[in-house]
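In case you want the letters, here they are:
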Amino acid sequence: MNAPVPPPQTPPEAPFGEARNKVTGGAAYTFDFTLPHMLHGKLLRSPLPHARIRGIDTSAAEQMPGVVCIVTGADAAALRDPFYGVSLRDQPVMATDRVRYVGDPVAAVVAVDEATAFKAAKAIKVDYEPLPALMTIDDALAPGAVTLFDEPTRGIALPVGKGCTSVADPAPNVLYACSFGHGDTDRWLDQSAKVFTDTFAITRINHFLLEPYVNVARWSGDRLEMWSCNQDPFVLRADIARIFGIGVHAIRIHTPLVGGGFGGKSYCKMEPLVALMARKAGAPVRLALSMDEGLLTLVKHPGRLTLTTGVDAEGRLTARRADISLDGGAYSDASAVVALKCAFRMGGSYRWRAIDAKARVVRTTTVSSGSFRGFGGTQGTFASERQIDMIARRLNDDPLQFRERNLLKPGEPYAPNDSGVDSDLAAGLEEAAERVGYRKPRAPGHGIGFAIGVKDAGGTGNHAQALVRVTQGGEVMVQAALVEIGQSAPEAMCRIATEALGLPLARATYAAVDTDHSPPDNGTHVSCGTLVTGLAVEQAARDVRRQIEEFAARELGCDVSEIVLDGWEVRRGNESYPLEPMIRRYYGGIGWEFIGRGSFKEPYFPDAPMGARNLSWMPCWSAAEVSVDRDTGQVTVHKLVVGADPGRALNKRVCHGQVEGAAIQAFAQAMFEELRYQGDAPENATPLTYRVPRYRDIPELFESFIAEQRLARGPGGLKGIGEAGMLGIAAAIGNAIQDATGASVNTVPFTPEKVLAALDAQSAGDKR
Amino acid sequence: MTDVAISFTLNGKPHKLAVAPNVTLADLLRDNFALTGCKVGCDEGVCGACTVIVNGAPVSACNTFAFSVDGRSITTIEGLAAAGTLHRVQQAFLDSGAFQCGFCTSGMILSIAVLLAREPQPDEATIRDWLAGNICRCTGYRAIRDAIERAIHAAPAEAVP
Amino acid sequence: MVPRMLVGLRSRKHIAPFELVRPASLDAACRALSEPGRNVAMAGGIDLIDRLKLGEPVDRVIHLAGVRELHGIRRDGDAISVGALTTHAEIISDPVLAEVLPDWPAIWRGVANPRVRHAGTIGGNLMSAMPHYDAGPALLALGAAAVTADLLMERIRIPIAPRQRLLADRSLHPIISVYLGASLEGGKIQSARIAVGCCTAQPAAAELPLAGVPVASLGADAADIAKKAAATFAEPMSDGLASGAYRRRMIEVLTRRLLIKLGSQP
């Protein structure tokens, strides 16, 4: 950037936890984990988008020296319940009778080394009977289209609350349909002064995880031990238990540092397969996917959203109908939840008299769509914030004022029976406008656009537990299942614990995540960790503090109300008593560890639309200044401003990093990033051809702001912001393009060709 | 397949080995020397996570055969610090919090160390050209640019071996 | 051809075992390449290793680094001779090129990334013939010719003029890149060429009918020249990045801009 943001005002802190290891090469990821004599796996994948598997001949491969075993669908079918997916499970541990996308695994080789495994994979003969491909939503919904699944989907459609519906298999090739609504949308639209209908489309992107999927599995008798890059070790444990028909305590999962997650490593993926490979081989097995394979494992839902929105004569929003079709790809993964959340988030940041949002997930023979930062909110905010802007312009209203008129106020419920919005949306929007220079005169040819996105955060009825241990020397260890995926989870948890204890952060350690020792949670996703696990840690820290104070009071022979914990001493009146000698005197030997316990659970509440009140709301305010080359259609983003509200920042630098990182992912999707199909096959599913942003792509002026509005319910008023930066960036840029040129581009990414076509259409329209 | 005899300096120490010609530098470092700071991300020379320094220049270890380092001097992230003192780029990364998951960080730091050894005060265009080969998916790069600024203003450069 | 997705894997662990041959002369290299068996030549190795990671079987890799005849940049009569093993980094820093073809090093600074610039060679770039690679169109625009020895590219010969210009527009790369090469003398164009990359399997070039035209007049006629020149190119490819129609339109737009730029800064 020409004007780099100066280093934050706070002086550099002492690095915490794994920070020093990350800059010296000492950080250990699942990618680095090895076991003596471990074997190596490779997957054979389908070259066809859709086919029946008539037979698999592994005989030649099995004969090769160094090949230990080969796992196929037959092995998977023998498992108790060999399917996975969130709520709806249709993805087999290994393809049995059919393959459903180019890249669908059909066999797994286990060999003494990877080279041998490759050779063997190539020698496996699969007899395919090709079936018609369904490459788009329209293909899948065409009358008479082949159906991707013959049997009803296993699992139960997500339970939902009041005003919502949730149905599995509503129609051929439709995995799931859901809705969120309140009020009488028909009536309100009828009564509206103006009603506008617009359609938006968004393409698929991949997480582009630098540490690709990697797992190591080892059985000791009936007990499975895994080292996994999965973000949700307890979710994984539960899935493996169900799939194998074994007890959860027969499974132990270790989660080292994760080299990139963004939701791509959430929920079950190929881990049960690795466990199956290790069991069949009778030896530890490592399966490391390549990044190419990662590109064909999971993507963000592409889709089409049609919004019909009414306004009254005073420019107030009345009602919105949303019709959302998400392309779920071959298998469900987290599609049901993404769809439900997408529908739920169609209200955006605004007050509505009525809303009726319907979403469905259509099955196609493409890479599965699933959990990706933003989780339906990215898609929904793009459509919503583009349309809000278009409506304002059609009404000759200032887009900023139009929004401000309709924004939810702090404390106002997002939906009936749901929690109040715990951010000041208007204040953040105003700050974004200031920073982008909205009220200054525009440079010639430049346009400015905003967006404000809001998504529920913290999960639905989420829970977490934590332990906080304090030694006789005042060293603190926090044990929880929150996984470090780069969001500084260990530091956040240790800050919360040491704040409650009044001890220095430098004396705290975050324990390795290990399902044998870490107390369980729902998973590191939905931006819940800082708040949900944070509340559990806070409670655990208070518990252990009370234990320490009660111990000291007993030792001093006084009432606990007479003493105060002060650093690693207790004060009673004017006297100070160091704790370590007191503890050693009583416990002797190697000393003692106080162990505090905490937990949090948001209760279910069936009247709330999602079935529980939302724990927090996660806004994102963004503004972009662009210019458009009218001969090429190329868009240059000169300035990008992004802001979020963490309630209270535990570490401002970390907050900036989260918002900026997400914003650039969203920026890339807006400008050029997409996983494309050419006919039946992926066109750019390689690291060389799948373009992700480099430093040179970042807008010249790029800044983030962290607005600590202190309205949230986490420890000291905090909440999460991990996904915030995804929300609304594409709309802000689209709005800026319209501000600069008058042209409406409503399909992402805004490639030069698309923008040029919009400019051409506009000129043609002008000439009429 | 005939092994190739090579000798090279690795983080200041001399070594002699015989390597199979089809072994990459990434695997030589990770498997033979347990230098796992060199991460393999894309395995196509694109992402830069496997960047190491050979004779003062950045190379993709995943796209370089081990035999080609014969007679050369290699520096990995583990060798960047001198006697326990971090290189100024490492320190700047810590001070700026210029990493999140950390998987790209070794390659990113080494690339920047080479840049600053060659050009102590690089302009923005030079930094843009130089960082084109190091992908970070987590940070959005602003904090990394921040770290570069800190490193530029820090003490004079250590020579990159 | 077996679809790559059959195995779906590109990996350094998949590189087939091979015999390494390290010839010290061009003769020895050519002989090694024509031995029976599957032999490949290796320059910087970037594209070769990428291919080998797909598991392509190979018997011998002929490593060319020691072949002295393939290195070096020097004047060769009325041309500059650039050895096939010249790296991109060497092109950027070479004093002979900086004097005779000053535009080329400046454009090359932004190509690929530092690791590719350090290890990758101009010969390798040309021989790989990836549609989005830059050496092809750049050298076509300069009117260069390749000198080969049997199966090997030995060097590139670039004719030099009293003033040799090379302008590039890579702003839409990898959708399209356009290079304008012009030999100037006394303010007039001796010869000029437009070359286009990323549009066709092989880069394409067209002579511009500008012999004797004063450079300063280019600005006024740029639109017309560009339109005519663009029409001579074969239909560009359509892919997910852009349609052939868009690319064709951009050939004209970018050519016009380069002509205007040349006209204003001869």
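Our subject is the structure listed above.
What counts as what
Residues numbered from 1 in each chain as written. Chains lettered and ligands numbered in written order. Predicted model: local features only at pLDDT ≥ 70, side-chain atom pairs only at ≥ 80, totals over all residues. Pairing = 2+ DSSP bridges. Helix = DSSP H or I, 4+ residues; strand = E, 2+ residues; numbered from the N terminus. Axes fitted to C-alpha atoms, helices over the stretch in contact; angles between N-to-C directions. Contact = placed C-beta atoms within 7 Å. Nonpolar A, V, L, I, M, F, W, Y, C, P; charged D, E, K, R; others polar. Buried ≥ 20, exposed ≤ 12 C-beta atoms within 10 Å, placed from the backbone. Core = buried A, V, L, I, M, F, W, Y, C linked by C-beta atoms within 7 Å.

Asker: Help me understand the sheet that holds strand β10 (residues 188-197) of chain C, please; the structure alone is not making it clear to me.
Answerer: Pairing between the strands of a sheet comes from backbone hydrogen bonds, and it takes one of two forms, parallel or antiparallel. Residue and element names in this part refer to chain C. The strand order across the open sheet built from four strands is β8-β9-β10-β11, with neighbouring strands paired in antiparallel fashion. Strands with a single pairing partner mark the edges of an open sheet, and in this sheet they are β8 (163-169) and β11 (204-208). Adjacent strand axes in the sheet meet at a mean angle of 15°, parallel and antiparallel pairs treated alike. Alignment of β8 against strand β9 (residues 177-185), held across seven bridges, turns out to be antiparallel. If you follow Q164 over to β9, its bridge partner there is S183. Seen against the sheet, helix α10 (residues 244-264) touches β8, β9 and β10 and runs at an angle of roughly 30° to β9.

Asker: Sorry, what's going on with the interface of chain B and chain C here?
Answerer: Put simply, an interface is often sized by how much accessible area is lost when its parts join up. Each partner contributes to the interface: chain B provides 27 residues, whereas chain C provides 22 residues. Grouping the constituent residues of the side of chain B that touches chain C by class yields 13 nonpolar, ten polar and four charged.

Asker: In this structure, what is going on with the environment of K227(C)? I would like to understand it.
Answerer: With respect to the secondary-structure elements, K227(C) resides in helix α9 (residues 218-231). Taking the number of C-beta atoms within 10 Å as the measure of exposure, K227(C) has 13 and is therefore partly exposed.

Asker: Sorry, what's going on with the nonpolar core here?
Answerer: Nonpolar side chains in soluble globular proteins tend to end up buried together. All names here are of chain A. Counting residues in hydrophobic clusters, the biggest one holds 402 residues, and the most contacted among them are A343 and A497. Broken down by element, the residue count for this core peaks at eleven residues, all from helix α17 (residues 652-671). Aside from chain neighbours lying at most four places away, what touches A497 is V468, V476, V478, A508, V537 and A541.

Asker: Help me out: how do you make sense of the sheet that holds strand β25 (residues 513-514) of chain A in this one?
Answerer: All names here are of chain A. The strand order across the open sheet formed by eight strands is β3-β8-β1-β17-β14-β15-β16-β25, and the pairing between neighbours is mixed. Strands with a single pairing partner mark the edges of an open sheet, and in this sheet they are β3 (67-72) and β25. By the bridge criterion, four bridges tie strand β15 (residues 223-228) to strand β16 (residues 251-255) in an arrangement that is parallel. Bridge pairing in β16 links W227 to H254. The strands touched by helix α4 (residues 114-122) within the sheet are β1 (39-45), β3 and β8 (105-111), with β1 carrying the most contacts at an inclination of about 30°. Sitting on the sheet, helix α8 (residues 271-281) touches β1, β3, β8, β14 (214-220), β15 and β17 (285-288), and the angle it makes with β14 is about 40°.

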